[in-house]
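# Topology and contacts: notes
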Amino acid sequence: MKILAVDDDEIGLSILSATLNSVGYTDLISASSGAEALEKIASSLQHFECFFLDIQMPDMDGIELCSKIRQIDAYKSSPILMITRKTERQYIDDAFDAGANDYINKPFDSLELTVRAKIAEKLVLEKQASARKDHVVSSIKAEMEDMLRFTAQETININSEPNMVEKLALENYLLQLPRGKAFHTKTAAFAIKDFESIFTRSTPSIMHNMLKNIANAITRNINAADYMLAYCGSGIFVSVITSSKDNYPGNLERTIQTSIDGMEFTFDNGIACDVKLLMGLPPKKTSLWSSSLTLNPMNSAMESADKKRRMAPVKQLCSPSHDLFEHNALKAG
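Remember, predicted model here, so these are calculated numbers, not experimental data.

Extensive coverage of strand β4 (residues 80-85) is indicated by the burial of five of its six residues. Each parallel crossover has a hand, and the one from strand β3 (residues 50-54) via helix α3 (residues 62-70) to β4 is right-handed. Of the pairings in the sheet, the one linking β4 to strand β5 (residues 102-106) comprises five bridges and is parallel in character. By the bridge assignment, isoleucine 83 is partnered in β5 with isoleucine 104.

Here is the structure:
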């Protein structure tokens, strides 16, 4: 454990160093003032892991030095032990307010000093173990994000609902329908407003999660016996009802939006994100012998939904400070 001991009392510093050395803490650097301590912290190639700071020192006392050390990112949680005489105990509360973890009295008791150092070392080891664990978790998460990464325009397979299919599968199904059944299919598309902006602020895993939640909202509000739903990229879903007995409810866009609002999507910084879904429909079919009974309704519905979202008023996704968080992720609350 690399230790920095700071004390303007040369004898006290020697006793502290000798006692710590005797119990195995030999990697110890000393400083006789707060200013010298800060210089050694700044110039050290290896981070200090523990600090012993004398409270009463001229120019910069140990409490002020403790506060300055805590302002350094690398030392926000490092163990800091204050050295004090029993007559100076009134300063201890101020020391803890400045970020100290513990204190030890002068003159030193070798057993007490050893115990305090062992406790500090345990904190250091726990911090190192936690850092290693965090690194492993971060690495796994990064690998997962790379595996899930996709472009905003890309068609991906969500597979979150029983009726979900890939876009290609939906197109192939429609192309193979008999003319009579094709005439009775009903098509609708659903486009996420401000999708590009939301996408750029989302991690792949969170984007997948959001699309799954929206697919769920669409599915549970269509309420048809036979239908298929596909994600077609660019924040657009297409639904096809294949039963002649079912149709889309007249208030479908509103009920889907109510479900989405209940999901309370937020950015990673906790600020709410207003996710809106707009519904588009193709022109009505007028003839069984029309040449546009296969993919044209699907494409027309997608164009209708996309046009609707492009014409919708642009609404700020969150507070202006959001621009400071360009890589923030969305998550479903």
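Pairing in this open sheet of five strands is parallel, and the strands run β2-β1-β3-β4-β5 from one edge to the other. Of all strands in the sheet, those bounded by a partner on one side alone are β2 (28-31) and β5. Strand after strand, the sheet turns through a mean of 20 degrees between neighbouring axes, direction not considered. Bridge count for β3 against β4 is four bridges, and the pairing is parallel. Bridging across to β4, aspartate 54 finds its partner in isoleucine 83. Lying on the sheet, helix α2 (residues 34-43) is in contact with β1 (3-6), β2 and β3; it crosses β2 at an angle near 140 degrees.

Another aspect to go through is the pattern of salt bridges. Taken as a whole and assessed by the stated rule, the structure comprises 16 salt bridges. For arginine 116, the salt bridge is made with aspartate 102, and the minimal N-O distance between the two is 3.1 Å. Here arginine 116 is found in helix α5 (residues 110-148), whereas its partner aspartate 102 is found in strand β5, with 14 residues between them in sequence. With relative accessibility at 22%, the residue arginine 116 sits in the partly exposed group. Given a relative accessible area of 14%, aspartate 102 falls into the buried group.

Turning our eyes to something else, we now look at the packing of aromatic side chains. Evaluated as defined, the whole model comprises six aromatic pairs. Measuring from ring centre to ring centre gives 5.7 Å for phenylalanine 195 and phenylalanine 199, while their planes differ by 45 degrees; the resulting arrangement is tilted. Here phenylalanine 195 pairs with phenylalanine 199, and both are found in helix α8 (residues 195-200), just four residues apart, close to one helical turn. The pair formed by phenylalanine 195 and phenylalanine 199 is uniform in burial state, with each residue classed as buried. Each member of the aromatic cluster is reached from another via a ring pair, and the members are Phe48, Phe51 and Tyr75.

Before going further, it helps to examine a nonpolar patch on the surface. On the surface, Leu111, Val115, Ile119 and Leu123 cluster together to form a nonpolar patch covering roughly 360 Å² of accessible area. Note on placement: leucine 111 falls in helix α5.

On to the environment of threonine 219. Considering the arrangement of structural elements, one finds threonine 219 in helix α9 (residues 204-222). Owing to a relative accessible area of 14%, threonine 219 belongs among the buried residues under this scheme. When the C-alpha atoms of threonine 219 and glutamate 161 are compared, they prove to be 7.5 Å apart, with 58 residues separating the residues in sequence. With residues up to four places along the chain from it excluded, the contact list for threonine 219 reads Glu161, Tyr227 and Leu229.

Turning next to the pairing of β5. With respect to burial, β5 is a largely interior element, five of its five residues being buried. Where burial is concerned, the two faces of β5 agree: the one with Asp102, Ile104 and Lys106 and the one with Tyr103 and Asn105 are both buried.

Once that is clear, we can look at the confidence of the model for the chain. Confidence in the prediction of the chain, expressed as mean pLDDT, is 84, and 90% of residues score 70 or more. Across the chain, β1 holds the top mean pLDDT of 96, while strand β12 (residues 330-332) sits lowest at 41. Per-residue pLDDT stays below 50 along residues 286-292; that stretch engages in nine contacts with residues further than four places along the chain or on separate chains.

What follows concerns α9. Note on helix geometry: an α-helix contains 3.6 residues per turn, so any two residues three or four positions apart are oriented the same way. In a regular helix each residue adds 1.5 Å, so 19 residues correspond to 27 Å; α9 covers 27 Å between its end C-alpha atoms and thus fits that length. The first or second residue beyond α9 is asparagine 223, which carries a positive phi of 55 degrees.

Read across the sheet, five strands follow the order β6-β8-β9-β7-β11 without closing on themselves; strand pairing throughout is mixed. For this open sheet the edge positions go to β6 (164-165) and β11 (277-280), each flanked by a neighbour on one side alone. With six bridges joining them, strand β7 (residues 186-192) and strand β9 (residues 236-241) adopt antiparallel strand pairing. Directly across from lysine 186, in β9, lies its bridge partner isoleucine 241. On the sheet, helix α6 (residues 167-175) packs against β6, β8 (227-231) and β9 and is oriented at approximately 140 degrees with respect to β8. The sheet strands contacting helix α11 (residues 296-311) are β7, β9 and β11, and the helix crosses β7 at an angle near 30 degrees.

What counts, and at which threshold
- Residues numbered from 1 in each chain as written.
- Predicted model: local features only at pLDDT ≥ 70, side-chain atom pairs only at ≥ 80, totals over all residues.
- Heavy atoms only, no water.
- Buried < 20%, exposed > 50% of the residue type's maximum accessible area, 1.4 Å probe, protein only.
- Helix = DSSP H or I, 4+ residues; strand = E, 2+ residues; numbered from the N terminus.
- Right-handed = clockwise from strand over helix to strand, strands pointing away.
- Pairing = 2+ DSSP bridges.
- Axes fitted to C-alpha atoms, helices over the stretch in contact; angles between N-to-C directions.
- Contact = heavy atoms within 4.5 Å.
- Salt bridge = Lys/Arg side-chain N within 4 Å of Asp/Glu carboxyl O.
- Phe/Tyr/Trp six-rings, centres within 6.5 Å; stacked < 30°, edge-to-face > 60°.
- Patch = residues over 30% accessible without salt bridge, like charges linked within 9 Å, V, L, I, M, F, W, Y side chains within 5 Å.
- Areas by Shrake-Rupley, 256 points an atom, 1.4 Å probe, with all protein chains shown as cover.
- pLDDT = per-residue confidence, 0-100.
- Expected span 1.5 Å × (residues − 1).

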